[in-house]
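These are the residues of each chain, in order.
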Amino acid sequence: MKASMKKQANNFQMARSFHMVCVVAMAKNRVIGDGNDLLWQLPGDLKRVKQLTMGCPLIMGRRTFDSIGRALPGRLSVVMTRDKRWRADGAVPVASLAAAIDVAKDWLIEQKLGENRIILFGGGQIYKAGLPYCKTIEATFVDAEPSVGVKFPAFNSRAWNDKLLQQFAAEGDMPGFSYHHLTRKRDALSLN
Ligand SMILES: NC(=O)c1ccc[n+]([C@@H]2O[C@H](COP(=O)([O-])OP(=O)(O)OC[C@H]3O[C@@H](n4cnc5c(N)ncnc54)[C@H](OP(=O)(O)O)[C@@H]3O)[C@@H](O)[C@H]2O)c1
């Protein structure tokens, strides 16, 4: 991009308000996975994640990308890694959260769809780095308590308004779970 165009894009970017939204499914003890994969398969979860994320850039860790195994269609996979040689089809590797946010914002501007959401997609390391920037969390709370696993970072639930959206009872081997929309009572860190 030419310097003048880049400056113009930067000015536009400054004027535009972007939001980071965390999408996560966690157990009662905040466990989100075993390090390689998820620990449960919830009916409707893939559909819900698709609805929440379509048309948005996803910021994720290299381990989470590997566990999914491919770039998700209709979204941009921005993958954080410290490995300068890491490449995968359809994914944009970045070396820091700041770089991930810049790539995500540039992509949203290029899409010209008016979408302002950047999705914090996990896993544990990336949730920890990005949660202070999130204004909202779209959470699935799972009625399970796995003894080991990667955890979502500890957060003060009193700092968030918690709206229960939908609740599902346990069935057979499947634990009960519920969808929540959490909004931060105070401002998140700025993305600009
Ligand atoms: N339940 C859910 O909603 C949910 C969502 C997503 C993931 N998960 C689960 O979470 C687990 C994976 O989480 P995880 O914490 O082990 O790994 P992760 O956060 O997905 O990825 C960690 C990797 O990201 C890179 N990284 C981390 N911080 C970085 C930084 N500051 N700058 C540059 N790169 C950085 C490093 O990659 P390199 O090693 O390549 O340098 C690091 O090894 C899996 O079990 C997955 O299934 C669950």
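Everything that follows concerns the structure shown earlier in this document.
Residues numbered from 1 in each chain as written. Predicted model: local features only at pLDDT ≥ 70, side-chain atom pairs only at ≥ 80, totals over all residues.

Observations concerning the overall build of the protein chain
Part 1 of the argument: Looking only at helices and strands, the protein chain features five helices and 10 strands.
Part 2 of the argument: Expected size for 192 residues packed as a compact globule is a radius of gyration near 16 Å; at 17 Å, the protein chain falls within 12% of this value.
Part 3 of the argument: Judged by the C-alpha coordinates and their principal axes, the protein chain covers about 60 × 40 × 25 Å.
Part 4 of the argument: Here the contacts in the protein chain between residues at least 6 apart in sequence split such that 67% fall between residues at least 24 apart. (Helix = DSSP H or I, 4+ residues; strand = E, 2+ residues; numbered from the N terminus. Rg over C-alpha atoms; globule rule 2.2 N^0.38 Å. Contact = placed C-beta atoms within 7 Å.)

Topic: the nonpolar core
Part 1 of the argument: One finds C22, V24, M26, I59, I119 and L120 to be the most contacted residues of the largest nonpolar core, which totals 42 residues.
Part 2 of the argument: Per-element tally for this core: the top contributor is strand β1 (residues 19-27), with eight residues.
Part 3 of the argument: Setting aside residues no more than four positions away along its own chain, M26 makes contact with V31, I32, A139, F141, V142 and F152. (Core = buried A, V, L, I, M, F, W, Y, C linked by C-beta atoms within 7 Å. Buried ≥ 20, exposed ≤ 12 C-beta atoms within 10 Å, placed from the backbone.)

Section: the sheet that holds strand β7 (residues 134-142)
Part 1 of the argument: Read across the open sheet, the eight strands follow the order β5-β4-β3-β6-β1-β7-β10-β9; overall the sheet is mixed. Since the sheet does not close on itself, it has two edges, and those belong to β5 (91-94) and β9 (160-168), each with one partner. Between one strand and the next, the sheet's axes are offset by a mean angle of 25°, whatever the strand orientation.
Part 2 of the argument: With five bridges joining them, strand β3 (residues 57-61) and strand β4 (residues 76-80) adopt parallel strand pairing. Bridged to L58 within β4 is S77.
Part 3 of the argument: Each of β1, β3, β6 (117-122), β7 and β10 (177-184) touches helix α2 (residues 45-53); the most contacted strand, β1, lies at about 170° to it.
Part 4 of the argument: Across the sheet, helix α4 (residues 97-111) is in contact with β3, β4, β5 and β6; its angle to β4 comes to roughly 170°. (Pairing = 2+ DSSP bridges. Axes fitted to C-alpha atoms, helices over the stretch in contact; angles between N-to-C directions.)

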